[in-house]
Amino acid sequence: MNNCRGNISVVLLGIGLFLAAVVNLVMVCVTRTTQLEMEDLRGRQLRLLCSSAITRLSQKTLESGECTPVALTLHPGNVPATLVSKVTYSDDGCFRYLETSVEAEEQSHNLRQVQFQLNEEMQEQGRRFMLISRKPLIGSEFLSEEGICTSTEEVHIPQIEFLKNTSTAKLSISDLSMEDVKLYGLDKRFYYLSNASTPLTFSKNLKVYGTSVIATEGSIILESGCQFFDKVVLVSKGNITIKDGVKLPQVLLVAYGKVTIGTGCQLGGVVFSDSNIELLGSSNLIHDAEVVARFSSAFYIL
């Protein structure tokens, strides 16, 4: 009888320990789930704060420098957070870099944006004329009967080297593969290509979707039949060559060197050259002053 009671006691003790272990495991799981849910909530709060802050910054005229840090409290939990914003301009004022970051507990989030806008003088030129160059236009006989307003003016090339990435500021993508352009298009980011010796070449009959600012230290070549579908800004410290049959419905072209436009092209926008512009044949040219408006990249993390 005593042995039987002893055995029952051991069994009951074992069951009790097992139940206690199960309860403890459930409590740990519940605690961990609550922790993960809170981390997810906190992450969403930080992303929303960054997005709201940079959206407001992008619409304001601000001086260069770091804005006054903003102290915040996140709920639930009365968790302190700090929002920091920074604005940087290129020396010529054509580029503006915005960055916001927010930290709370062990989490952080940041967003960046780059904006581009021609200086006031070039904006005014672009509103009045389509073809602006330092030297007289070559091939004016190929202009349509309605005529395209042209002007001989000094052209100031935007300070594209501002777009170089640093250890603390990621302003641009530093390479542009035509295979990626073919597969994925342009993604509303700024590109800065530092190779001055190799032209950036858009291949023959390439279809390019998406909008972007592409700046290069070298020349740009658009092979025949190349077709763009969205607004694009091309800035070159070399020459820009547009071959026959290229379609650019909404484009801003700015070149330090010569801009050459082939036969049978469709081009809407404004063209600047600090050298000269040459038309090789008849093309459909349409002045679109809207292309000189501010261009903003998408918000991005890296």
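One structure accompanies this document, and this report is about it. (Residues numbered from 1 in each chain as written. Predicted model: local features only at pLDDT ≥ 70, side-chain atom pairs only at ≥ 80, totals over all residues. Heavy atoms only, no water.)

### Considering the overall build of the protein chain
Stage number 1. Tallying secondary structure elements over the protein chain gives three helices and 21 strands in all.
Stage number 2. In the protein chain, which comprises 302 residues, the share counted as buried stands at 42%.
Stage number 3. Here the contacts in the protein chain between residues at least 6 apart in sequence split such that 43% fall between residues at least 24 apart.
Stage number 4. Of the roughly 15800 Å² of accessible surface on the protein chain, 53% is carried by carbon and sulfur atoms. (Helix = DSSP H or I, 4+ residues; strand = E, 2+ residues; numbered from the N terminus. Buried < 20%, exposed > 50% of the residue type's maximum accessible area, 1.4 Å probe, protein only. Contact = heavy atoms within 4.5 Å. Areas by Shrake-Rupley, 256 points an atom, 1.4 Å probe, with all protein chains shown as cover.)

### Things to note about the nonpolar core
Generally speaking, nonpolar side chains in soluble globular proteins are found buried as a group.
Stage number 1. Core analysis: the largest hydrophobic core is formed by 35 residues, its most contacted members being Leu 176, Phe 202, Ile 214, Ile 242, Leu 248, Leu 253 and Leu 267.
Stage number 2. Leu 253 has contacts with Leu 234, Ile 240, Ile 242, Val 259, Leu 267, Val 270, Val 271 and Phe 272, leaving out every residue within four places of it along the chain. (Core = buried A, V, L, I, M, F, W, Y, C linked by side-chain atoms within 4.5 Å.)

### With respect to unusual backbone geometry
Stage number 1. Residues His 75 and Pro 76 are joined by a peptide bond in cis, for which omega reads 0°.
Stage number 2. Within the fold, Pro 76 resides in the loop between β2 (70-74) and β3 (79-89).
Stage number 3. Phi angles above zero are rare outside glycine, and Asn 78 is one such case at about 50°.
Stage number 4. Mapped onto the elements, Asn 78 comes out in the loop between β2 and β3.
Stage number 5. Even without glycine at this site, Asn 205 takes up a positive phi of about 60°.

### Side note on the packing of aromatic side chains
Stage number 1. One pass over the full model with this rule turns up six aromatic pairs.
Stage number 2. Ring plane angle 40° and centroid distance 5.1 Å describe the contact between Phe 95 and Phe 116, whose orientation is recorded as tilted. Residue Phe 95 is found in strand β4 (residues 95-104), and its partner Phe 116 is found in strand β5 (residues 107-116); the two are separated by 21 residues along the sequence.
Stage number 3. Taking the relative accessible area as the measure of exposure, Phe 116 reaches 2% and is therefore buried.
Stage number 4. Both rings, one in Phe 95 and one in Phe 190, keep their centres 6.4 Å apart while their planes meet at 70°; by these two values the pair is edge-to-face. Note that Phe 95 is positioned in strand β4 and Phe 190 in strand β8 (residues 190-193), a separation of 95 residues in sequence. Like Phe 190, Phe 95 is buried. (Phe/Tyr/Trp six-rings, centres within 6.5 Å; stacked < 30°, edge-to-face > 60°.)

### Things to note about the pairing of β2
Stage number 1. Relative to β3, β2 is paired through five bridges, and the arrangement is antiparallel. Each residue of the ladder has a partner; that of Thr 73, found in β3, is Pro 80.
Stage number 2. Between the end of β2 and the start of β3, which pair antiparallel, lie four residues, with Gly 77 showing a positive phi angle near 105°. (Pairing = 2+ DSSP bridges.)

### Description of the sheet that holds strand β15 (residues 240-242)
Stage number 1. Across the sheet, which stays open at both edges, the five strands sit in the order β9-β12-β15-β17-β19 with parallel pairing between neighbours. The open sheet has two edge strands, β9 (200-202) and β19 (277-279), and neither has a second partner. Averaged over all pairs of adjacent strands, the angle between their axes in this sheet comes to 5°, without regard to strand direction. (Axes fitted to C-alpha atoms, helices over the stretch in contact; angles between N-to-C directions.)

### Notes on the side chain of Gln 113
Stage number 1. Within the secondary structure, Gln 113 is located in strand β5.
Stage number 2. Gln 113 gets classed as buried once you look at its relative accessible area, which sits at 5%.
Stage number 3. In this structure the side chain of Gln 113 is engaged in a polar contact, spanning 3.2 Å, whose partner is the side chain of Gln 115.
Stage number 4. Among the polar contacts listed, one links the side chain of Gln 113 to the backbone oxygen of Ser 297, at a separation of 3.0 Å.
Stage number 5. Aside from chain neighbours lying at most four places away, what touches Gln 113 is Ile 54, Ser 58, Arg 96, Tyr 97, Leu 98, Ser 296, Ser 297, Ala 298, Phe 299 and Tyr 300. (Polar contact = N/O pair within 3.5 Å; in protein donor to acceptor, adjacent residues only side chain to side chain.)

### Focus: the pattern of salt bridges
Stage number 1. For the coordinates displayed, the defined rule picks out ten salt bridges.
Stage number 2. Across the salt bridge formed by Glu 99 and Arg 112, the nearest N and O atoms sit 3.6 Å from each other. Taken together, the residues span a long stretch of sequence, with Glu 99 in strand β4 and Arg 112 in strand β5 at a distance of 13 residues. Comparing Glu 99 with Arg 112, the two get one shared label, buried.
Stage number 3. Here Glu 161 and Lys 237 are joined by a salt bridge, their closest N and O atoms 3.2 Å apart. Here Glu 161 is found in the loop between β7 (150-152) and α3 (178-184), whereas its partner Lys 237 is found in the loop between β14 (232-236) and β15, with 76 residues between them in sequence.
Stage number 4. Members of the salt-bridge network, linked through shared partners, are Lys 86, Glu 99 and Arg 112. (Salt bridge = Lys/Arg side-chain N within 4 Å of Asp/Glu carboxyl O.)

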